[in-house]
Structure formats: C-alpha cells, structure tokens
Amino acid sequence: MTVNAITIVTIGFLVMEASNVIMLYFFPDSKYANSVGVFKAWEKSKQDPELHNFARYLVNWVAGTKLIVILLLIVILLTGHEQTLIFAGIAMAVSIASFFWRLFPLIRKMDRNDRIEPKNYSATLGWMILVFIASFLTAIVIAVLTAK
C-alpha cells in the first residue's frame, strides 16, 4: 500500500462513510453520523407504512451504495499504485462535489422550511463536504508535487 496524502484523506473519508453506513443500516432514526433522523419527514413517513417502506428501501439503497464505494476504495488503497491513487483522489473530489448540484439545494430548502433538525444542519453538512473536497484537492497537489 502506497501511503501518501491521498491515502490519509481517503482513510478519513472511509471512516466517516463507514460510520454513516452503520447508522443507516442499524440506527436510521439517529441524528448522528448523517443518518436520516435529521429529516422530520422520516418520522412522519412512519404514519404511512407504504411510504415508510419506500423511505427505508431508499435509505438501505444509499447504505448499500456507500458500502460498494467503501470496499472499492479499500481495494484501490491496498493495490493501487501512486498514479492510481492520484486519479482516485480526483474521482473522489469530483464525485463528492456532485453533492452541491442536487442534494445541497434540496437539504437547504428543507432546512429553511423547518423540515430538518437540528436547524442549519444543511450548512454544517455543506461545510463538512467542502472540507473533504478541499482535503482531496490538497492531497492531490501534494501527491503530484512529491511524485517520483
């Protein structure tokens, strides 16, 4: 395993995503680790079993997709060469940035309409994601500048 700045940032990302997968699969009502308990609609969906089953399906789908990404990143970390890690870092920065295209506008709207608890959770989430993007971009620059 090549250990460089991208490896370190990726491991941090993996820890965060693994905690999110655990919460989504086993503690979806939680308001921690980006689980769905922050959405008031989650609790409201429980009043309609059909709607709640659909919401649970989507939550588990997201968790499963995150699990796929986690496992693929582990394979890349264990077997990838330095150039592979650089391209993986670029892919991570771009894919994480997609949050601001569709998800952030929705969660910000829900937050502004008092559908998220705690209040201003969308801003906290947005900053957290910006930090990960900046971390990946910084790690990419460091890896490129220090590449052999």
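As shown above, the structure is provided for reference.
All values derive from a computational prediction rather than experimental measurement. Numbering of residues begins from 1 in every chain and follows the order in which that chain's sequence is written. Restriction of local features to residues with pLDDT of at least 70 applies here, the model being predicted, together with a cutoff of 80 or more for giving and counting side-chain atom pairs; totals for whole chains, interfaces and linings are based on all residues. The side-chain numbers reported here are obtained from all heavy atoms of the structure, hydrogens and water having been left aside.

*Asks:* Residue-level account of the overall build of the protein chain, with values.
*Replies:* We count a stretch as a helix when DSSP gives it H or I for four or more residues in a row; a strand needs E for two or more, and each element gets its number in order from the N terminus. Each helix and strand in the protein chain was counted, giving six helices and zero strands. Overall, the protein chain shows an N-to-C arrangement of helices and strands of α-α-α-α-α-α. Each residue gets one of three labels from its accessible area relative to the maximum for its type: buried under 20%, exposed over 50%, partly exposed in between, using a 1.4 Å probe on protein chains only. Counting the 148 residues in the protein chain, one finds 37% classified as buried. Throughout, a contact is declared for two residues whenever any of their heavy atoms are within 4.5 Å. Once local pairs closer than 6 in sequence are excluded, the contacts in the protein chain between residues at least 24 apart make up 63%. Separation between the mean location of the 13 positive side-chain charges and that of the 9 negative ones in the protein chain comes to 6 Å. The charged-residue count follows a simple rule in which Lys and Arg add positive charge and Asp and Glu add negative charge, with His and chain termini not counted at all. By convention, charge coordinates are those of NZ in Lys, CZ in Arg, CG in Asp, or CD in Glu.

*Asks:* Got a sec to walk through the packing of aromatic side chains? Specific residues and values, please.
*Replies:* Any Phe, Tyr or Trp ring, taking Trp's six-membered ring, that has another such ring centre within 6.5 Å forms a pair; planes under 30 degrees apart are called stacked, those over 60 apart edge-to-face, and the others tilted. Applying the stated criterion to the full structure yields seven aromatic pairs. On the basis of an interplanar angle of 80° and a centroid distance of 5.5 Å, the ring pair of F13 and F132 is categorised as edge-to-face. You can see F13 sitting in helix α1 (residues 5–26) and its partner F132 sitting in helix α6 (residues 121–146), a full 119 residues away along the chain. Residue classification places F13 among the buried positions, given a relative accessible area of 9%. Ring geometry for F99 versus F104: centroids 5.8 Å apart, planes at 55°, classification tilted. Each member of the pair, F99 as well as F104, carries the same accessibility label: buried.

*Asks:* Can you tell me about the side chain of S35, naming the residues and giving the values?
*Replies:* Turning to its location among the elements, S35 is positioned in the loop between α1 and α2 (40–45). Residue classification places S35 among the buried positions, given a relative accessible area of 1%. When sequence neighbours within four positions are dropped, the list of residues in contact with S35 reads N20, M23, L24, F27, P28, D29 and S30.

*Asks:* Give me the pattern of salt bridges: which residues, what numbers.
*Replies:* We define a salt bridge as a contact between a side-chain nitrogen of Lys or Arg and a carboxyl oxygen of Asp or Glu at a distance within 4 Å. According to the stated counting rule, one finds five salt bridges in the structure shown. Between K46 and D29 there is a salt bridge, and its shortest N-O distance comes to 2.9 Å. Separated by 17 residues along the polypeptide, K46 in the loop between α2 and α3 (49–79) and D29 in the loop between α1 and α2 bring together distant segments of the chain. Note that K31 is salt-bridged to E117, the shortest N-O span being 3.1 Å. Here K31, found in the loop between α1 and α2, pairs with E117, found in the loop between α5 (103–112) and α6; they are 86 residues apart in sequence, far enough to count as distant. It is possible to trace a salt-bridge network through shared partners that takes in D29, E43 and K46.

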